[in-house]
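Inside the fold
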Amino acid sequence: MTAAKGPPRGPDVTPKVAWLLAATFVVAVAGLIYELIAATISSYLLGDSVRQFSFVIGVFLTAMGVGAYVSRYVGDALSGFVRAQMALGVVGGALGPVLFFSYAWYGAVGLPLYGGLVVIGILSGMEIPLITRVMKEIGAAEFRFENVLTADYVGALAASLAFPLLIIPNLSLMAASLAFGTLNLLVAGFSLWLFRDRLPAVYWAPWGVFLAAGLLALGGAERLVGVVDARLFEDEVILSETTPYQSIVLTRFDDRYRLFLDHSIQFDSLDEHRYHEALVHPAMGLAPRVADVLVLGGGDGMAVREVLRHPGVERVRLVDLDPRVTELFSQNPDLVALNAGALTDPRVEIVNADAWAFLAGDDGIYDVIIADLPDPKSIALSKLYSIEFYAMMAERLSGAGIFVTQAGSPTFAPGAFWTVEATLAATRNPLAPGEGLGTLPYHVYVPSFGDWGFVLAAPMLPAEGRVPALPEGLRHLTPEVWAASRAFGPDQGPREVEVNSIQGHPLVAEYERGWGFWFR
């Protein structure tokens, strides 16, 4: 009986199988990194990180399914794999630069974002079926499909860990995209060399061109970032970084500084005193005791600077998520000058933590709590304006303590502003079971933001009409300005809104509805 013939096997099969499994790992890393880059950039530029990550993941996985199906029509699996890697190197590498340039020049990223995701997803979905076919074709002994899947899943784990811990702290999103595009091209190049007996030499020329272009772009990534920043920001960009938490951009024009987090302005040194005086001094001036103060957010130190104007302050605890922000504003001489060295004052303790996690684990009692948090434009931020968060905050207030939060614009997003007020009013009063907190809404004009609102809340609200005790040297807030700040026009005034909760987040919808109406 003649032995059955199987696929040809040779002494070079083992290293080729090892390489194909290694390539599976590498391309899985690159594919997930592209997905994370797309989701991160879209959340930076479009806001609402939960929605953007959800959309990106859904589109990407669907496209991978399409790619897996389409792979059956690829005649030569090895040639198809190499071509897919070259295409991924080009499209994936260009993803970051294209998204940023599209936003900077045209103000839109939808088409390149989802178009790029579909192409990258299809190409990524083709990889495992093609690699599986190649391994069978070369006669891999003891071939098991689960080995390929294991390498793919381990690669996904490595990417998910490396992205926040290694890639974001050390590379810009644009550079990361180009770096992993280069990695796909290197996978294609090594595959061309290892399987040179089975692949036509004609592939080497386009591969060399793509690799040279990718390396050239990667080498000039910081210059590309500078070009985009110059287009996005009207003043000179003196700092541009991406941390695991956000993008940080600082601009300067003469002695004027502006801070942007995730491309949203946080302050303009020309008028930030209006915002910070209004945020801090009503609560500090109405509280009977200000020895212990908690500031949530405000890593730039401006709110702390205003807090320290009050002579009764003994301890200030600043809780800000991003250590890079507090580091910059406590060490950079130009930025330290803006907050008058507030973050290096011996009375100030800096805690780099999530505000929710901090309150949940804190057992301190504070006379004043000041929330200088980002706008509730996403579910992740909306929870810091929820009744659950405010309930934890109320437990940390002393009996006569006062809480104040920035609450957005009663002109541009009145529904969102009054949702914050209604949520505080519905928060359980620890001194009066069955009742809510007393609230006092007010607003001032800040040229950089427009009409901007705040809500003061307390278990025992100070008497109506009481004037805060204001420190000397304020540049905007006076007793007269304070009196005027509590008046709202008919188009800004109270309205029927829902209480914001982590179960529903109506605040996000109100925020988007308001700002979308004015700036569609």
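About the cut-offs
- Residues numbered from 1 in each chain as written.
- Predicted model: local features only at pLDDT ≥ 70, side-chain atom pairs only at ≥ 80, totals over all residues.
- Heavy atoms only, no water.
- Pairing = 2+ DSSP bridges.
- Helix = DSSP H or I, 4+ residues; strand = E, 2+ residues; numbered from the N terminus.
- Axes fitted to C-alpha atoms, helices over the stretch in contact; angles between N-to-C directions.
- Phe/Tyr/Trp six-rings, centres within 6.5 Å; stacked < 30°, edge-to-face > 60°.
- Lys NZ or Arg CZ within 6 Å of the ring centre and 35° of its normal.
- Parallel < 35°, antiparallel > 145°, perpendicular 65-115°, else oblique.
- Left-handed = near helix turned anticlockwise from the far one by under 90°.
- Contact = heavy atoms within 4.5 Å.
- Nonpolar A, V, L, I, M, F, W, Y, C, P; charged D, E, K, R; others polar.
- Patch = residues over 30% accessible without salt bridge, like charges linked within 9 Å, V, L, I, M, F, W, Y side chains within 5 Å.
- Areas by Shrake-Rupley, 256 points an atom, 1.4 Å probe, with all protein chains shown as cover.
- Salt bridge = Lys/Arg side-chain N within 4 Å of Asp/Glu carboxyl O.
- Buried < 20%, exposed > 50% of the residue type's maximum accessible area, 1.4 Å probe, protein only.
- Polar contact = N/O pair within 3.5 Å; in protein donor to acceptor, adjacent residues only side chain to side chain.

Pairing within the open sheet is mixed, and its seven strands lie in the order 7-6-5-8-9-11-10. At either margin of the open sheet sits one strand with a lone partner, and together these are strand 7 (348–352) and strand 10 (438–446). Averaged over all neighbouring strand pairs, the angle between strand axes comes to 15°, with direction disregarded. By the bridge criterion, five bridges tie strand 5 (residues 292–297) to strand 8 (residues 366–372) in an arrangement that is parallel. Within the sheet, the bridge partner assigned to valine 293 lies in strand 8 and is valine 368.

Counted under the stated rule, the structure contains 23 aromatic pairs. Taken together, the ring pairs connect Tyr275, Phe412, Tyr442, Phe449, Trp452, Phe454, Trp482, Tyr511, Trp515, Phe517 and Trp518 into an aromatic cluster. Looking at arginine 196, its charged tip hangs above the ring of tryptophan 193, at a distance of 4.5 Å from the centre.

This part takes up the packing of helix 6 (residues 173–194) against helix 7 (residues 204–219). Here helix 6 crosses helix 7 at 155°, and the two axes come no closer than 9 Å. The angle between helix 6 and helix 7 falls in the class roughly antiparallel. The crossing of helix 6 and helix 7 is left-handed. Contacts from Ala175, Leu178, Ala179, Thr182, Leu185, Leu186, Ala188, Gly189, Leu192 and Trp193 of helix 6 reach helix 7 at Trp204, Trp207, Phe210, Leu211, Gly214, Leu215, Ala217 and Leu218. Looking at the contact of helix 6 with helix 7 residue by residue, the classes come out as 15 nonpolar, three polar and no charged.

Together, Val66, Tyr69, Val70 and Tyr73 make up an exposed nonpolar region whose accessible area comes to about 390 Å². Tracing the sequence through the fold places tyrosine 73 in the loop between helix 2 (49–70) and helix 3 (77–106).

Before going further, it helps to spend a moment on the packing of helix 4 (residues 110–137) against helix 5 (residues 145–170). Across the interface, helix 4 lies against helix 5 with an axial gap of 10 Å and an inter-helix angle of 140°. The angle between helix 4 and helix 5 falls in the class oblique. Relative to helix 5, the crossing made by helix 4 is right-handed. Only Phe145, Val148, Leu149 and Asp152 of helix 5 make contact with helix 4, whose side of the interface consists of Ile128, Ile131, Thr132 and Met135. A breakdown of the residues in the contact of helix 4 with helix 5 according to their chemical character gives six nonpolar, one polar and one charged.

With that settled, consider the pattern of salt bridges. Scanning all chains against the criterion turns up 22 salt bridges. Of the charged contacts in the structure, one is a salt bridge between arginine 513 and glutamate 510, with a shortest N-O distance of 3.0 Å. Linking arginine 513 with glutamate 510, this pair stays in helix 18 (residues 506–518), spanning three residues, or about one helical turn. With a relative accessible area of 51%, arginine 513 lands in the exposed category. Each of Arg289, Asp292, Glu314, Arg315 and Asp367 takes part in a single network of salt bridges with overlapping partners.

Along the chain, the position of leucine 21 falls in helix 1 (residues 13–46). The sequence separation of leucine 21 and glutamate 314 amounts to 293 residues, and the corresponding C-alpha distance is 61 Å. Setting aside its immediate chain neighbours within four residues, leucine 21 contacts Met135, Asn147, Val148 and Ala151.

Along helix 11 (residues 323–331), the residues that are buried comprise Val325, Thr326, Leu328, Phe329 and Ser330. Residue aspartate 322 occupies the N-cap position of helix 11, its side-chain oxygen lying 3.0 Å from the main-chain nitrogen of arginine 324.

For asparagine 429, the position within the fold is in the loop between helix 16 (414–426) and strand 10. Looking at asparagine 429, its side chain comes within polar contact range of the main-chain oxygen of proline 459, at 3.0 Å. Once you skip the residues sitting within four places of it in the chain, asparagine 429 turns out to touch Glu435, Gly436, Leu437 and Pro459.

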